[in-house]
Amino acid sequence: MKNGFSNKVVVITGGTGALGKVLTKSFLNYNPKAIISTYRSETELQELKAEVNSLSDSSTKLTTAIEFIKTDVTKENEIKKVFSDIIQRHEQIHILVNVVGGYIGGKSSTELDESEWDKMFNMNLKSAFLISKNVIPIMMMNHYGKIVHISSRTGIKAEGNDSAYAASKAGLIRFVESVSQEVKELNININCVLPTIIDTKANRIAMPGADYSKWINPADLSNVIMFLCSDYSKIINGSAIPTYGLS
Ligand SMILES: NC(=O)c1ccc[n+]([C@@H]2O[C@H](COP(=O)([O-])OP(=O)(O)OC[C@H]3O[C@@H](n4cnc5c(N)ncnc54)[C@H](OP(=O)(O)O)[C@@H]3O)[C@@H](O)[C@H]2O)c1
């Protein structure tokens with residue numbers, strides 16, 4: 001199957017997170033024209049750089065230009081600057097995957113601080129709004145675009161003691177649905193995926209002894225995301241794709 005990524009500029013926000021690292025490497029296997037991965041933490045950046053370098057040392061010949069840009073995606077001025085820098089160098093952004101997000105759970109709504117509520121909404125929902133708002137005009141100029149955000153199954157079925165997380169991820173699903181109506185005539189697709197627990201180092205530390213076989217393998221999730229970024233999924237728009245088949 002040809003994904004058609006070879007002439008594409010791919011931006012991954014939150015690219016140094018657990019899923020972001022795997023997604024960045026998965027895209028690299030298809031040699032897009034450029035990958036721009038945004039990050040906040042320098043430690044995680046070094047880890048991703050090392051992993052990317054080891055890929056280029058392997059037998060696979062990488063032709064992709066890969067760049068890393070530091071940004072806080074909850075600040076519109078920073079997003080505008082990042083996108084404008086990318087346009088100056090690469091002229092276009094064809095694909096944007098927003099992997100930024102976070103979780104606060106284990107607290108009832110009466111125990112939750114206002115700052116924790118705000119943190120969840122800023123990280124999980126405001127970031128998606130600001131990124132989409134600023135990348136869509138760029139994609140409109142190209143008459144082409146694929147946007148994928150990461151929601152969660154909790155966005156359609158909360159577990160309890162996760163109200164801010166659940167509400168922010170639910171909001172993201174409706175946000176994606178609404179925006180898809182605005183862009184559907186413009187050859188731009190916007191979708192989100194709904195993972196359950198992803199098999200990450202942080203989750204294994206937080207939940208020792210859990211049945212990891214039920215968890216989502218980040219490489220499998222990356223495959224679904226890349227499908228949504230490919231032209232094979234051009235008739236999918238505004239969807240929240242269930243990616244929790246194992247639980
Ligand atoms: N892990 C799971 O079990 C699970 C389940 C369902 C859904 N999800 C969703 O899947 C996505 C990826 O999860 P993950 O486990 O890979 O998370 P992760 O390892 O914590 O990665 C999240 C990334 O977002 C970045 N980030 C957070 N706030 C930011 C900001 N304001 N500006 C820029 N970057 C920011 C983090 O950077 P720093 O580390 O530098 O702060 C990190 O690189 C998230 O949207 C998450 O909500 C995860």
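Residues numbered from 1 in each chain as written. Predicted model: local features only at pLDDT ≥ 70, side-chain atom pairs only at ≥ 80, totals over all residues. Heavy atoms only, no water.

This part covers the sheet that holds strand E7 (residues 240-243). Spatially, E3-E2-E1-E4-E5-E6-E7 is the arrangement adopted by the seven strands of the open sheet, whose pairing is parallel. Looking at strand neighbours, the two that pair on one side only are strand E3 (65-70) and E7, the edges of this open sheet. On average, each strand axis in the sheet is inclined to that of its neighbour by 20°, with strand direction left out of account. Sitting on the sheet, helix H5 (residues 163-183) touches strand E5 (145-150), strand E6 (188-195) and E7, and the angle it makes with E6 is about 160°. Taken strand by strand, helix H7 (residues 218-228) contacts strand E4 (95-98), E5, E6 and E7, and its axis lies near 165° from that of E6. (Pairing = 2+ DSSP bridges. Helix = DSSP H or I, 4+ residues; strand = E, 2+ residues; numbered from the N terminus. Axes fitted to C-alpha atoms, helices over the stretch in contact; angles between N-to-C directions. Contact = heavy atoms within 4.5 Å.)

This structure, assessed with the given rule, holds 15 salt bridges. In this structure, Glu47 and Lys21 form a salt bridge, with 3.6 Å as the shortest nitrogen-oxygen distance. Taken as a pair, Glu47 in helix H2 (residues 42-57) and Lys21 in helix H1 (residues 18-28) lie far apart in primary sequence, 26 residues in all. As a salt-bridge pair, Lys80 and Glu76 come within 3.8 Å of each other at their nearest N and O atoms. Highlighted residues: Lys80 and Glu76, both in helix H3 (residues 76-90), separated by four residues, approximately one helical turn. Owing to a relative accessible area of 44%, Lys80 belongs among the partly exposed residues under this scheme. Put simply, Lys21, Glu44, Glu47 and Lys201 are held in one network by salt bridges that share partners. (Salt bridge = Lys/Arg side-chain N within 4 Å of Asp/Glu carboxyl O. Buried < 20%, exposed > 50% of the residue type's maximum accessible area, 1.4 Å probe, protein only.)

With that settled, the discussion passes to empty space enclosed by the protein. Scanning the entire structure with this criterion turns up one cavity of 30 Å³ or more. In this model, the largest cavity occupies a volume close to 40 Å³. Along its surface, the largest cavity is lined by Thr13, Thr38, Thr71, Val73, Ile79, Val82, Phe83 and Ile131. Of the residues forming the lining of the largest cavity, the biggest block, three residues, is contributed by H3. For the lining of the largest cavity, the class distribution of residues is five nonpolar, three polar and no charged. (1 Å grid on protein atoms, 1.4 Å probe; cavity = no way out; pocket = protein on both sides within 12 Å on 5 of 7 lines; lining within 4 Å. Points joined across faces, edges and corners; volume = space filled by probe spheres on them. Nonpolar A, V, L, I, M, F, W, Y, C, P; charged D, E, K, R; others polar.)

Turning our attention to the site of the ligand. The immediate surroundings of the ligand are formed by 26 residues, with Ala18, Leu19, Arg40, Ser41 and Asp72 found nearest. One of the side-chain nitrogen or oxygen atoms of Arg40 is found 2.6 Å away from an oxygen atom of the ligand. The contact in question runs from an oxygen atom of the ligand to an N or O atom on the side chain of Asn203, over 2.9 Å. Contact with the protein chains removes 83% of the 890 Å² of surface that the ligand exposes when unbound. (Near = heavy atom within 4 Å. Polar contact = N/O pair within 3.5 Å; in protein donor to acceptor, adjacent residues only side chain to side chain. Areas by Shrake-Rupley, 256 points an atom, 1.4 Å probe, with all protein chains shown as cover.)

What follows deals with the packing of aromatic side chains. According to the stated counting rule, one finds six aromatic pairs in the structure shown. Aromatic ring contacts, followed pair by pair, group Phe5, Phe27 and Tyr30 into a single cluster. Here Lys8 stacks its cationic end above the ring of Tyr144, 5.0 Å away from the centre of that ring. The ring of Tyr244 carries Arg153 above its face, with NZ or CZ at 5.2 Å from the centroid. (Phe/Tyr/Trp six-rings, centres within 6.5 Å; stacked < 30°, edge-to-face > 60°. Lys NZ or Arg CZ within 6 Å of the ring centre and 35° of its normal.)

Bringing the nonpolar core into the picture now. With 31 residues, the main nonpolar core has Phe83, Ile86 and Ile93 as its most contacted residues. Among the elements of the structure, strand E1 (9-13), strand E2 (34-39), H3, helix H4 (114-142), H5 and E6 are those that each provide at least two residues to this core. By residue number, the principal contributor to this core is H4, which donates eight residues. Beyond its immediate stretch of four places on either side in the chain, Ile86 contacts Val9, Val11, Ile36, Ile69, Glu91, Gln92 and Ile93. Core analysis: the next-biggest nonpolar cluster, separate from the first, contains 26 residues, Phe27, Leu48, Ile150 and Leu228 among them. (Core = buried A, V, L, I, M, F, W, Y, C linked by side-chain atoms within 4.5 Å.)

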